[in-house]
Amino acid sequence: MPSAHPRVAGGSLAGRRLRSPANGTRPATAIVRSAIFDRPLVRDMVEGACVLDLYAGAGYLGIEALSRGAATVDFVERNGAACAVIRRNLDELGLTEQARVHRLPVERCFSRIPLDPDLIFIDPPYRVDALPMIEDLVRRASLPDGALAVWRRQTRASGGVAPPPERVGGLVRIDQRRYGDGAIDTYRAEAST
């Protein structure tokens, strides 16, 4: 069961409280955030990174990235109440200068915001197949060689969507881990040959 008082899991803001939206978002728990950020792949990438937090929900992944040294984060979330919570958390943590919150569907963000992120978090609601969106992202974004995309999803065995492919355009899966009823797939952008 999630903590009644979620907190930043690591970095310069570790232990600071995070507000949660009252709606049905599924924020990444401190355990999941630590599992993502404590892995060398992500830990070595986040310092100074430009981050894109898609399906941001409460924004915990992007805020965690800022606490751990990310340069900027673009949060994309369609729910107005969740966007208000992200803005309030950013304000209370002193992170507003490093972040932009975009209230719009993820599928429409590609034509509205600059897309050259070093690190992308993809955390859609369970049972949402994010693969078509990721394919569109790969076609339309300028992903630098070595950029990472971290996709949190529900496994098919627990009612989730079909397993993701090994490759999505120029993104190649380099790691997959299971956590309870979910999985975290990590992809790396490879230069086209």
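Refer to the structure printed above.
Cut-off values and rules
Residues numbered from 1 in each chain as written. Predicted model: local features only at pLDDT ≥ 70, side-chain atom pairs only at ≥ 80, totals over all residues. Heavy atoms only, no water. Phe/Tyr/Trp six-rings, centres within 6.5 Å; stacked < 30°, edge-to-face > 60°. Helix = DSSP H or I, 4+ residues; strand = E, 2+ residues; numbered from the N terminus. Buried < 20%, exposed > 50% of the residue type's maximum accessible area, 1.4 Å probe, protein only. Salt bridge = Lys/Arg side-chain N within 4 Å of Asp/Glu carboxyl O.

Caption draft 1: Highlighting the packing of aromatic side chains. Tallying each qualifying case throughout the model produces 1 aromatic pair. With 5.4 Å between their ring centres and 50 degrees between their planes, Phe-37 and Phe-121 make a pair best called tilted. One end of the pair, Phe-37, is in helix H1 (residues 30-37); the other, Phe-121, is in strand E4 (residues 119-122), with 84 residues separating them in the sequence. The class for Phe-37 is buried, based on a relative accessible area of 1%. Taking relative accessible area as the criterion, Phe-121 reaches 0% and is therefore assigned buried.

Caption draft 2: Layout of the pattern of salt bridges. In total, this model carries 16 salt bridges according to the counting rule given. The salt bridge involving Arg-167 is made with Glu-190; its shortest N-O contact spans 3.6 Å. Here Arg-167 is found in strand E6 (residues 167-168), whereas its partner Glu-190 is found in the segment after strand E8 (182-189), with 23 residues between them in sequence. Classification of Arg-167 as partly exposed rests on a relative accessible area of 48%. What you see here is one network of salt bridges that share partners, running through Arg-33, Asp-38, Glu-64 and Arg-68.

The quantities given are spatial measurements derived from coordinates; they are silent on function.
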